[in-house]
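Structural characterization, general
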Amino acid sequence: MAASGDLRAILAAAEDAARAAGQALREGGGAFEGVERSEGRDIKLNADRAAERLIIDRLTALMPAPILSEETGWTAEAGDKVWVVDPLDGSANYNRNIDLCSVSIAWVENGRPVAGVIYEFLSDRLYSGAIGLGTRLNGEPVSVAGHTRTQDSILFTGLAINRDFSAEALGAFAAGFACWKKVRMIGSAATSLAYVARGAADAYFEDSIMFWDVAAGCALVEAAGGRVSIVGDSMDKPVSVHADNGKLWTL
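In every chain, residue numbers begin from 1 and rise along the written sequence. Note on the predicted model: pLDDT of at least 70 is required for a residue's local features to be given, and 80 or more for side-chain atom pairs to be given and counted; whole-chain, interface and lining totals, by contrast, use all residues. Only hydrogens and water are removed before side-chain values are computed, so all heavy atoms of the structure are retained for them.

Side note on the state of the cysteines
Put plainly, two cysteines are in a disulfide when a covalent bond ties their sulfur atoms together. Throughout, a disulfide means two cysteine sulfur atoms within 2.5 Å of one another. Applying the stated criterion to the full structure yields zero disulfides. Cysteine Cys179 remains unbridged, with the sulfur of Cys218 as its closest cysteine sulfur at 20 Å. In this structure Cys218 is a free cysteine whose sulfur lies 20 Å from that of Cys101, the closest cysteine sulfur available.

Concerning the sheet that holds strand β13 (residues 203–210)
Here we have five strands laid out as an open sheet, ordered β12-β11-β13-β15-β14, and mixed in their pairing. Two strands in the sheet have a free side with no partner beyond their single neighbour: β12 (182–184) and β14 (227–231). Averaged over neighbouring strand pairs, the angle between their axes works out to 15° when direction is ignored. Here strand β11 (residues 154–157) runs beside β13; their pairing, made up of three bridges, is parallel. Residue pairing for β13: Leu155 is matched across the bridge by Ala203. Contacts are assigned to residue pairs that have any heavy atoms within 4.5 Å of one another. Whenever a helix is involved, its axis is fitted only over the stretch in contact; in every case the axis is a line through C-alpha atoms, and angles between N-to-C directions fall within 0 to 180 degrees. Put simply, DSSP H or I for four residues or longer makes a helix, DSSP E for two residues or longer makes a strand, and each gets a number counted from the N terminus. Its contacts with the sheet place helix α6 (residues 211–223) against β13, β14 and β15 (238–244), and it is angled at close to 155° to β13. By definition, two strands form a pair when at least two bridges between them are found by DSSP.

What about the packing of helix α5 (residues 189–197) against α6?
Axis separation between α5 and α6 bottoms out at 8 Å; the angle between their running directions is 5°. Classified by the interaxial angle, the pair formed by α5 and α6 is roughly parallel. Together, Ala189, Ala190, Leu193, Ala194, Val196 and Ala197 of α5 and Asp213, Val214, Gly217, Cys218, Leu220 and Val221 of α6 make up the contact between the two elements. For this classification, the nonpolar set comprises Ala, Val, Leu, Ile, Met, Phe, Trp, Tyr, Cys and Pro, the charged set comprises Asp, Glu, Lys and Arg, and every other residue, Gly included, is treated as polar. For the contact of α5 with α6, the residue count by class is ten nonpolar, one polar and one charged. Should an angle fall under 35 degrees it is called roughly parallel, over 145 degrees roughly antiparallel, and 65 to 115 degrees roughly perpendicular, with every other angle called oblique.

Quick word on the pattern of salt bridges
We define a salt bridge as a side-chain nitrogen of Lys or Arg found within 4 Å of a carboxyl oxygen belonging to Asp or Glu. Here the structure, examined in full by the defined rule, presents ten salt bridges. The partner of Arg37 in a salt bridge is Glu36, with the nearest N and O atoms 3.4 Å apart. Only protein chains enter the accessibility calculation, which uses a 1.4 Å probe; a residue is then buried when its area is under 20% of its type maximum, exposed when over 50%, and partly exposed in between. Note on Glu36: relative accessible area 32%, which makes it partly exposed. Taking the shortest distance from any N to any O, the salt bridge between Asp236 and Lys237 comes out at 3.8 Å. Where salt bridges share partners, they join Glu36, Arg37 and Arg49 into one cluster.

Some remarks on the layout of surface pockets
Whether a set of points on the 1 Å grid over the protein atoms alone is a cavity depends on a 1.4 Å probe fitting there but being unable to get out, while an open set qualifies as a pocket with protein on both sides within 12 Å along at least five of seven lines; lining residues are those with an atom within 4 Å of a point. Grid points are joined across faces, edges and corners, and a volume is the space filled by probe spheres set on the points. A volume near 680 Å³ is recorded for the largest pocket. What lines the largest pocket is a set of 32 residues, among which Leu159, Ala160, Ile161, Gly187 and Ile209 lie closest to the centre. For the lining of the largest pocket, the secondary structure elements donating two or more residues are β2 (42–45), β5 (81–89), α3 (91–95), α5, β13 and α6. Here the element with the most residues in the lining of the largest pocket is β13; it accounts for four residues. Residue composition of the lining of the largest pocket, by class: twelve nonpolar, ten polar and ten charged.

Right, here's the structure in full:
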């Protein structure tokens, strides 16, 4: 894993790119306006691509490395150390003026997210963390919650567009909620994981979610003292993710 000094430089680059994209998304207008396409359960906004271009340009200038991003895919041949970017996680929320959306940027080494930045740009909350360095929210240290029982805990989850929506599959999915005090779906995997990292929620899981949706958040959770499991064959294919505070592991 990169040395602590390198990780701090990586976080500084990601923070810079996330803030620049977040400001542009917050201001809107021009290339950030309008729906590019809406098919089935998926929606793509012009803002997704505009924010992505800004982030890629910024990261390439500040800390060059191959980048995997939601809209473009790979910018270069993948290596052992790569950026993974979701320029606008929660596009449907953003499109409907729901504040639960964020910019998500991760640094990944050998398939493991080791550093991440998530910026809730509409509420100006910047999460930044790396394994071994901890997680901070607007510069202040945060950590995972201390609950040890699911019946006292809040689970965040979601219904990824790639998942099985059959009645049988949804029934099995909902049956798993019975042991939790509360269950929340907010439409942004990145934001959900950031809430686990700062102790506002206790756990997150989602099946058939894209790696770029969760990479930065997984790094934040682990850096904040939690545990993470990512199951999948490739960074550009759907994965299953479980993350919690490290005290009520549910696998």
